Amino acid sequence: MTDTLTEAVPATPTAEDLDRLTAATDFLDHDHETVRAFVDKALQGVDRATATPVELAVALYYAVRDGIHYEVYGADLSPQGLKASSIITGGKGFCLHKSVLYAAACRSVGIPARLHYSDVRNHLASDRLRSYIGGDVFFHGLATVYLDGQWLKVTPVFNKLLCRLYGMTPLEFDGRSDSLYHPFDAQGRQSMEFLTDHGDFDDVPYEFVMGNMRRKHPKFLDAEGTGTVSGGSLADEAS
């Protein structure tokens, strides 16, 4: 595991870059049977022999976006809890979890993928969540994938049900342009803006991630400091 920003990958990655960015890692454990089963289910009906990387990346996006429940409370932030295989088993998580699973799933089918972190202002958070976060600026995780000669930022985070409850239009992905954030909700209100870009990492930079969580959102962590506070539901707080 690394705690620092990894070396920038050229616009056209080398063969060595591509090998490294499709390999299984401590967190992106796509060689685990649970991850393989998740990918197989997500790609049911897709002919992998003829499907393009774009088609595979899009199918996996929706499997992660809508197949893993988005929940910020009671989330496991231990090293084990941030493994792709554990995220599937748990069936829920928030941006830090879902970006890991998406990157692992893409790597499993040969699509180069990395983790990407930013600070964002979220205008649609509940009052309760803001009290734990300490305002409306959140440490945020997403993924970057290499498709058709370009790196795209991809955010398979908010599932359709949660978007409906919060009056947001679900964030789509076509495999050809960034799927980055919801600039406005369904009523035209601003919902998210990116503030600070922390860059790309080949694997989860665990101490960097947890250092940001401890420093920026200390009240959001549980007593052990390896998860988020429990006893809530983001879906319930929408009503």
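The structure under discussion appears in the preceding block.
What comes next concerns the included structure. (Residues numbered from 1 in each chain as written. Predicted model: local features only at pLDDT ≥ 70, side-chain atom pairs only at ≥ 80, totals over all residues. Heavy atoms only, no water.)

## Here's the deal with the sheet that holds strand 4 (residues 137-147)
And then number 1: Taking strand neighbours across the sheet as the criterion, the four strands line up as 5-4-3-6 in an open arrangement whose pairing is antiparallel. Pairing within the sheet leaves two strands with one partner each, and these edge strands are strand 5 (150-154) and strand 6 (192-201). Sheet twist, expressed as the mean angle between neighbouring strand axes with direction ignored, is 30 degrees.
And then number 2: Taken together, the five bridges between strand 4 and strand 5 define a ladder with antiparallel strand orientation. Paired with V145 across the strands is L152, a residue of strand 5. (Pairing = 2+ DSSP bridges. Helix = DSSP H or I, 4+ residues; strand = E, 2+ residues; numbered from the N terminus. Axes fitted to C-alpha atoms, helices over the stretch in contact; angles between N-to-C directions.)

## A look at the environment of V145
And then number 1: Examined against the element boundaries, V145 turns out to sit in strand 4.
And then number 2: Exposure remark for V145: the relative accessible area of 0% places this residue in the buried category.
And then number 3: Residues V145 and R107 lie 38 residues apart in sequence; the distance between their C-alpha atoms is 9.0 Å. (Buried < 20%, exposed > 50% of the residue type's maximum accessible area, 1.4 Å probe, protein only.)

## Topic: the packing of helix 2 (residues 33-42) against helix 3 (residues 53-67)
And then number 1: Direction vectors running N to C along helix 2 and helix 3 enclose 110 degrees, while the axes themselves pass 9 Å from each other. On the basis of the axis angle, helix 2 is roughly perpendicular to helix 3. For the crossing formed where helix 2 meets helix 3, the hand is right-handed. In this structure, helix 2 contributes F38, V39 and A42 to the contact, and helix 3 contributes A59, L60, A63 and V64.
And then number 2: Taken together, the residues that form the contact of helix 2 with helix 3 break down as seven nonpolar, no polar and no charged. (Parallel < 35°, antiparallel > 145°, perpendicular 65-115°, else oblique. Left-handed = near helix turned anticlockwise from the far one by under 90°. Contact = heavy atoms within 4.5 Å. Nonpolar A, V, L, I, M, F, W, Y, C, P; charged D, E, K, R; others polar.)

## Observations regarding helix 3
And then number 1: Taking 1.5 Å of rise per residue, 15 residues should cover 21 Å, and helix 3 covers 20 Å from first to last C-alpha, within 8% of that figure.
And then number 2: The complete set of buried residues in helix 3 reads V54, L56, A57, V58, L60, Y61, A63, V64 and R65.
And then number 3: Turning to helix 3, the residues buried within the fold contact helix 2, helix 5 (95-108), strand 4, strand 5 and helix 7 (160-165). (Expected span 1.5 Å × (residues − 1).)

## Considering the packing of aromatic side chains
And then number 1: On inspection of all chains with the given rule, the structure shows 13 aromatic pairs.
And then number 2: Aromatic side chains Y61 and Y62 sit 4.9 Å apart centroid to centroid with 85 degrees between the ring planes, which places their arrangement in the edge-to-face category.
And then number 3: Among the residues examined, Y61 registers a relative accessible area of 0% and is labelled buried.
And then number 4: Residue classification places Y62 among the partly exposed positions, given a relative accessible area of 26%.
And then number 5: Across from the ring centre of F27, 6.0 Å away, lies the NZ or CZ of K83, which sits over that ring.
And then number 6: Note that R128 overlies the ring of Y73, its terminal NZ or CZ placed 4.6 Å from the centroid. (Phe/Tyr/Trp six-rings, centres within 6.5 Å; stacked < 30°, edge-to-face > 60°. Lys NZ or Arg CZ within 6 Å of the ring centre and 35° of its normal.)

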